[in-house]
Amino acid sequence: MKKVFFGLSVSVLLFSCGSKNNTEAYQQEIQAKLDAYNTTWQSLLKASAEAEWALNTQIVEGDTVTGKKAEEANKAFAEFTGSAENIAFAQNALKQKDKLKPLQVKQLEAILFMAGGNPATAGELIDKRIAAETEQTRTLFGYDFKLNDKSVTTNELDEILKSSTNLAERQQAWEVSKEVGKALKPGLVTLRELRNGVVKPLGYSDYFAYQVSEYGMTSDEMVQTCRDMINDVWPVYRELHTWARYTLAEKYKQPVPDMLPAHWVPNRWGQDWTAMIEVQGFDPDKELRKKSAEWIMIEGEKFYISLGFDSLPKSFYEKSSLYPLPPDAGYKKNNHASAWHMDNDKDVRSLMSVEPNAEWWETVLHELGHIYYYMTYSNPDVPIILRGGANRAYHEAMGTLIGLASMQKPFLEQYGLVPADVEVDMTQVLMKEALNYVVMLPWAAGVMTEFEYELYGKNLPENEYNKRWWELVAKYQGIVPPSARGEEYCDAASKTHINNDAAQYYDYALSTVLLFQFHDHICTKILKQDTHAANYFGSKETGDFLKKLMYPGASVDWREHLKETLGSEMSAKPMTDYFAPLTDYLKKANEGRTYTLPEKL
């Protein structure tokens, strides 16, 4: 690849600080360099994204060409963002950042952060890391899960855990879902060393510290922020855990356990328990199963249009991979739902396996939230390299906010998915929501965050991966494995993010807190509706509020942006307020029952 030099001339760097003309000349020269950087960066991003798209959407056993192309594209991107010239350019320019425009400073800081992930000074470690990440992706998504000697998809395993009442079948499905960890453990050990090694030349102690720095926090500050969030919701989580132990013991006709066996809960990682409860008269699945997957996509788009957003570009439907592959496809794809901004401009896509059910209804609305965020901050006021969330959690907050709204009764009535005149027990609705959002927090802020903090920041020994994983699961989730799990397993690695979206899972926890802040603002300040029974549909004012949150992308400081938009700092209070009625209800339901989680962590 041709080297692109973005150094500054000595004459510009040493100009007389007192001259307005020199200040303007300095800004102009910096801007020219930034414009050139943005153009090259976008071109390389597009090539890398296309290669990764192919790697994730058409996985063919024995194929090495696709992986090689992805490796080469990622290497070219890494060489550019991590080049010594670009690092020197940003560092030298920032020495006089008081002479620059705030938007220029933001871009220079972004250039340095991107360089931190693959600085040229890390040498051959960059190539090794890219190759290792490519191989890990191939292993994870090309894995052949076998249940009773028959190949099964992760969707099929998930369905067993959601619906089966046969504990032997459930345990078998759960154990099958973890087998992939054995194959992934060697790669994770390698990736830990390579990721840590790569970020050190620019002054980061480890990969976790590097990722956290994008929030303007240290590792310890992020871990403490996450622990504070868990403590805020712990009273209601503890009630839910107690309720779940007794409810599931009755369902499976078993003694009440002190901790929840992992195969008892309806999710491979215990991060979502919503399938435990069905709200009478509130069953969107019943109507959604009569629909097509295509209907869900079309209606999802119509919702955003009703808020005042534009239609999705035609290319979205032409280039996305939205539905399950046919049995005779001859290849596999990544089944984890995701939204892609291929060029940080007009090319937006989604990778999903949409089926007509409530889970995918919520997921589609969520993923389209990301897509519309991409589309909104892709505007002339936001440079290409700053087209991202105000922080990474903002992106998840936008998607999950709409996911929450999409499952509230008035919204579902809008689509005819629940009858308007049906009597619904709103406490049970709130319970179902808590089994999603509250249950997720100890998992995301606790288990995932602290495991990766220890993996990267504390160099957790590889012969303690599984031991430490299950200690954290017990502490934060109150869940234990159905049988002994030795170090031949690596159950953490069965979660895709551990492998290919590393040291960022706290994004989901922070986003959950933010989404309830956003939801509370929309309901109380705009719609004047109950936060538990809102309908955003057709509210242009709600759309305007969301656009205000989305428009500047990463060109603003996220803390200042939050204060300006909401008038408050990040706080879990709107979330705890939202679930306060449920906490009171559960305390009465759990009277006389034994609690096995501590009152405080």
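Further up the page is the structure itself.
Conventions adopted
- Residues numbered from 1 in each chain as written.
- Predicted model: local features only at pLDDT ≥ 70, side-chain atom pairs only at ≥ 80, totals over all residues.
- Heavy atoms only, no water.
- Salt bridge = Lys/Arg side-chain N within 4 Å of Asp/Glu carboxyl O.
- Helix = DSSP H or I, 4+ residues; strand = E, 2+ residues; numbered from the N terminus.
- Buried < 20%, exposed > 50% of the residue type's maximum accessible area, 1.4 Å probe, protein only.
- Core = buried A, V, L, I, M, F, W, Y, C linked by side-chain atoms within 4.5 Å.
- Contact = heavy atoms within 4.5 Å.
- Phe/Tyr/Trp six-rings, centres within 6.5 Å; stacked < 30°, edge-to-face > 60°.
- Lys NZ or Arg CZ within 6 Å of the ring centre and 35° of its normal.
- Expected span 1.5 Å × (residues − 1).
- Axes fitted to C-alpha atoms, helices over the stretch in contact; angles between N-to-C directions.
- Parallel < 35°, antiparallel > 145°, perpendicular 65-115°, else oblique.
- Left-handed = near helix turned anticlockwise from the far one by under 90°.
- Nonpolar A, V, L, I, M, F, W, Y, C, P; charged D, E, K, R; others polar.
- Pairing = 2+ DSSP bridges.
- Bend = angle between axes of the 7 residues up to and from the residue.

Participant: Would you explain the pattern of salt bridges in this entry?
Facilitator: Two side chains that carry opposite charge are able to pair once their charged atoms sit near each other. In total, this model carries 33 salt bridges according to the counting rule given. Residues arginine 468 and glutamate 454 are paired through a salt bridge, measuring 2.8 Å at the closest nitrogen-oxygen approach. In this pair, arginine 468 sits in helix 19 (residues 465-477) while glutamate 454 sits in helix 18 (residues 426-457), placing the two residues 14 residues apart along the sequence. Relative accessible area serves as the criterion here: at 13%, glutamate 454 is assigned to the buried category. Overlapping salt bridges bring together Lys46, Glu50, Lys319, Asp347 and Arg349 as one network.

Participant: Any chance you could explain the environment of glutamate 464 here in plain terms?
Facilitator: Position of glutamate 464 relative to the elements: it lies in the loop between helix 18 and helix 19. In this structure glutamate 464 comes out as partly exposed when scored by relative accessible area, which is 32%.

Participant: Looking at this model, I keep getting lost on unusual backbone geometry. Mind explaining?
Facilitator: Working note: non-glycine residues mostly have negative phi, and peptide bonds are mostly trans. If you check the backbone angles, asparagine 148 has positive phi at about 55 degrees while not being a glycine. Tracing the chain through its elements places asparagine 148 in the loop between strand 1 (145-147) and strand 2 (150-152). Residue classification places asparagine 148 among the exposed residues on the basis of a relative accessible area of 57%.

Participant: Help me out: how do you make sense of the nonpolar core in this one?
Facilitator: It is characteristic of soluble globular proteins that their nonpolar side chains tend to be buried jointly. In this structure, Leu240, Trp273, Trp361 and Phe518 are the most contacted members of the largest nonpolar core, which totals 156 residues. Looking at this core element by element, the count peaks at 19 residues for helix 18. Apart from the residues within four sequence positions on either side, tryptophan 361 is in contact with Leu288, Trp295, Ile296, Glu299, Ser406, Met407, Phe411, Leu412, Tyr415 and Leu417. If you look at the next biggest cluster of nonpolar residues, it comprises 27 residues, including Tyr37, Leu112, Ala115 and Leu386.

Participant: Can you help me understand the packing of aromatic side chains in this one?
Facilitator: The relation between two aromatic rings is expressed through the spacing of the ring centres and the mutual angle of the planes. Using the criterion set out here, one finds 41 aromatic pairs in the structure. Both rings, one in phenylalanine 303 and one in phenylalanine 537, keep their centres 6.5 Å apart while their planes meet at 35 degrees; by these two values the pair is tilted. With phenylalanine 303 in helix 13 (residues 293-306) and phenylalanine 537 in the loop between helix 21 (506-527) and helix 22 (540-550), this residue pair connects regions lying 234 residues apart in the sequence. The class for phenylalanine 537 is partly exposed, based on a relative accessible area of 28%. Each ring, one from phenylalanine 451 and one from tryptophan 469, has its centre 5.3 Å from the other, and the planes form 90 degrees; the classification is edge-to-face. Taken together, the residues span a long stretch of sequence, with phenylalanine 451 in helix 18 and tryptophan 469 in helix 19 at a distance of 18 residues. For the pair shown, phenylalanine 451 and tryptophan 469 are each scored as buried. Here the guanidinium or amino end of arginine 485 rests over the ring plane of tyrosine 489, the centre of that ring lying 3.8 Å away. A cation over a ring is seen here: lysine 547 above phenylalanine 309, with NZ or CZ 5.2 Å from the ring centre.

Participant: Is there a simple way to explain helix 21 in this structure?
Facilitator: Every α-helix carries 3.6 residues per turn, so stepping three or four residues along brings you back to the same face. Over its 22 residues, helix 21 runs 30 Å from end to end, which matches the ideal 32 Å to within 8%, given 1.5 Å per residue. By the criterion of burial, helix 21 is predominantly enclosed, with 18 of the 22 residues buried. Trailing helix 21 by a residue or two, lysine 528 shows a phi angle of about 55 degrees, which is positive.

Participant: Would you take a moment to explain the packing of helix 16 (residues 392-405) against helix 21 for this structure?
Facilitator: Each packed pair of helices is defined by two parameters, the angle between the axes and the distance between the axes. Where helix 16 contacts helix 21, the axes come no closer than 7 Å and their chain directions differ by 55 degrees. For the element pair helix 16 / helix 21, the angle class is oblique. As for the relative orientation of helix 16 and helix 21, their crossing is right-handed in sense. Facing helix 16, whose interface residues are Arg392, Ala393, Tyr394, Glu396, Ala397, Met398, Thr400, Leu401 and Leu404, helix 21 presents Tyr506, Asp507, Tyr508, Leu510, Ser511, Leu514, Leu515, Phe516, Phe518, His519 and Ile522. Counted by class, the contact of helix 16 with helix 21 contains 14 nonpolar, 3 polar and 3 charged residues.

Participant: Just checking my understanding: could you explain the pairing of strand 5 (residues 348-351) for this structure?
Facilitator: In the case of a regular strand, side chains alternate between the two sheet surfaces. Side chains of strand 5 alternate between two faces, with Val348 and Ser350 and Arg349 and Leu351 buried alike. Direction of pairing for strand 4 (residues 338-341) relative to strand 5: antiparallel, over a ladder of 4 bridges. Counterpart to histidine 341 in the pairing with strand 5 is valine 348.

Participant: Help me out: how do you make sense of helix 9 (residues 180-199) in this one?
Facilitator: The terminal C-alpha atoms of helix 9 lie 28 Å apart, and with 20 residues this matches the ideal 28 Å at 1.5 Å per residue to within 8%. At proline 186, helix 9 shows its strongest bend, of approximately 35 degrees. Burial within helix 9 is extensive, with 15 of its 20 residues counted as buried.

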